[in-house]
Amino acid sequence: MSGAVEAGVWGAVGGLALVIGAAVAWFVRVPAQVVASVMAFGSGVLISALAFDLMDEAEQIGGLLPAAGGFLAGAVVYMAANALLARRGAKHRKRSQDQQPSEAEQSGSGLAIALGALLDGVPESVVLGASLLGGGGVSTAVVAAVFISNVPEGLSSAAGMKKAGRSAGYVFGVWGAIAAVSALAAAAGYAFLGAAPPEVTSVITAVAAGAILTMVADTMIPEAFERTHMLTGLITSAGFLTAFTISRTGG
């Protein structure tokens, strides 16, 4: 199996977690507190992977300045794109209750929510592909982080979509498309970064890390805190420790 194809497969695995989460939300009534708890856990998992895998690797490959510059650029770009989509109805795309607007309440919000989901998923997929570049196989910690965090993302967002009156075709169309794009983004991350100078690989990895951390703070943690309150930090810490353990024992 070529590296790009393998990267695409792992990207599809990460994207499939979104579809699984959406299916659970659509067919099973999951208590809001459970959704929030899993979201908090997934937030901790992603934060750990960012700190001990992505940024650590970016700094080792290209040095501190390229890694820091890329990280800040990723955070700023995500923030700007997220703010633009929020004004068009995607602000609460990961919320599981009645925060998401229906199409009747805000025309174009369905497309904005879909684009927001794409914005959230692409950086994760790119780093999945990039993690194969070292030749030692995909990073177990990064795959685990993406999969574990994507299940509650899909679950919470799909629950909100359902409450906003969106159809099953829309919900599964969105997440199915995101899974397909995730596979392509992972393959592209491997293909385009394979021949790139170390500084470029460092910057791109750090850009993705900055975007992901900003996404966690802007969209995942608010949903988690709304229901778990004082337990949010403890659950997030458990997710962090889980991913840290995986990164140190599983590669």
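Residues numbered from 1 in each chain as written. Predicted model: local features only at pLDDT ≥ 70, side-chain atom pairs only at ≥ 80, totals over all residues. Heavy atoms only, no water.

Student: Would you mind going over helix α5 (residues 140-163) with me for this structure?
Tutor: Residues spaced three or four apart along an α-helix point in a common direction, a consequence of the helix completing one turn every 3.6 residues. In this model α5 runs 35 Å from its N-terminal to its C-terminal C-alpha over 24 residues, within 8% of the 34 Å that 1.5 Å per residue would give. Taken across its 24 residues, α5 has 18 buried, putting it largely inside the fold. Among the residues trailing α5, glycine 165 stands out with phi positive, at a value near 90 degrees. (Helix = DSSP H or I, 4+ residues; strand = E, 2+ residues; numbered from the N terminus. Expected span 1.5 Å × (residues − 1). Buried < 20%, exposed > 50% of the residue type's maximum accessible area, 1.4 Å probe, protein only.)

Student: What should I look at first to understand the packing of aromatic side chains in this one?
Tutor: Both the distance between ring centres and the angle between the ring planes are used here to describe each pair of aromatic rings. Inspection of every chain in the model, using the stated rule, returns 4 aromatic pairs. Each ring, one from tryptophan 26 and one from phenylalanine 172, has its centre 6.1 Å from the other, and the planes form 70 degrees; the classification is edge-to-face. Note that tryptophan 26 is positioned in helix α1 (residues 3-27) and phenylalanine 172 in helix α6 (residues 168-194), a separation of 146 residues in sequence. Grouping aromatic residues by their ring pairs yields a cluster made of Trp26, Phe27 and Phe172. (Phe/Tyr/Trp six-rings, centres within 6.5 Å; stacked < 30°, edge-to-face > 60°.)

Student: Would you mind going over the UniProt feature "transmembrane region" (unreviewed entry) in the protein with me for this structure?
Tutor: Here the UniProt-annotated "transmembrane region" (unreviewed entry) positions come out as residues 7-28, 34-52, 64-85, 126-148, 169-193 and 199-217. The annotated region residues 64-85 carries 100% helix and 0% strand content, and the separation between its end C-alpha atoms amounts to 32 Å. (UniProt positions renumbered as here; feature names shortened; annotations may be inferred.)

Student: Just checking my understanding: could you explain helix α8 (residues 232-249) for this structure?
Tutor: Taking 1.5 Å per residue as the helical rise, α8 with its 18 residues ought to reach 26 Å, and the 26 Å between its terminal C-alpha atoms agrees with that figure. Residues of α8 that are buried: Thr232, Ile235, Thr236, Gly239, Ala243 and Ser247. An end-on view of α8 places all buried positions within 120 degrees of arc, on one side of the element. α8 presents Leu234, Leu241, Arg248 and Thr249 as exposed residues on the side facing more than 90 degrees away from its buried surface. (Arc of directions from axis to C-beta.)

Student: Sorry, what's going on with the nonpolar core here?
Tutor: Most often, soluble globular proteins have nonpolar side chains that are buried together. Formed by 28 residues in total, the largest nonpolar core has its most connected members in Leu46, Leu54, Ile212 and Met215. For this core, the element with the highest residue contribution is helix α7 (residues 198-228), accounting for 8 residues. Apart from residues no more than four positions distant in its own chain, leucine 54 is found in contact with Ala49, Val127, Val142, Thr205, Ala209 and Ile212. Counting residues in hydrophobic clusters, the runner-up holds 20 residues, among them Leu18, Val35, Leu85 and Ala112. (Core = buried A, V, L, I, M, F, W, Y, C linked by side-chain atoms within 4.5 Å. Contact = heavy atoms within 4.5 Å.)

Student: Which parts of the structure should I look at to understand the environment of arginine 88?
Tutor: With respect to the secondary-structure elements, arginine 88 resides in helix α3 (residues 64-90). Looking at arginine 88, the relative accessible area reads 44%, which means it is partly exposed. Along the chain, arginine 88 and leucine 231 lie 143 residues apart, while their C-alpha atoms are 32 Å from each other. Contacts of arginine 88, omitting those with residues within four sequence positions, involve Gln106, Gly108, Ser109 and Ala112. A polar atom in the side chain of arginine 88 sits 3.4 Å from the backbone oxygen of leucine 84. (Polar contact = N/O pair within 3.5 Å; in protein donor to acceptor, adjacent residues only side chain to side chain.)

Student: I'm lost on the packing of α1 against α5 in this one. Help?
Tutor: The axes of two packed helices give the description: the angle between them and the distance between them. Viewed as axis vectors pointing N to C, α1 and α5 meet at an angle of 35 degrees, and their least axial separation amounts to 7 Å. Judged by the twist between their axes, the crossing of α1 over α5 is right-handed. Contact residues: Trp10, Val13, Gly14, Gly15, Ala17, Leu18, Ile20, Gly21, Ala22, Val24, Ala25 and Trp26 in α1; Val143, Val146, Phe147, Asn150, Val151, Glu153, Gly154, Leu155, Ala158, Ala159 and Lys162 in α5. Of the residues contributing to the contact of α1 with α5, the split by class is 16 nonpolar, 5 polar and 2 charged. (Axes fitted to C-alpha atoms, helices over the stretch in contact; angles between N-to-C directions. Left-handed = near helix turned anticlockwise from the far one by under 90°. Nonpolar A, V, L, I, M, F, W, Y, C, P; charged D, E, K, R; others polar.)

Student: Quick question: what am I supposed to make of the packing of helix α2 (residues 32-62) against α7 here?
Tutor: As a packed pair, α2 and α7 sit with axes 8 Å apart at the nearest point and diverge in direction by 160 degrees. In terms of axis orientation, α2 runs roughly antiparallel to α7. Classified by chirality, the crossing of α7 by α2 is left-handed. A class-by-class count of the residues in the contact of α2 with α7 yields 22 nonpolar, 9 polar and 4 charged. (Parallel < 35°, antiparallel > 145°, perpendicular 65-115°, else oblique.)

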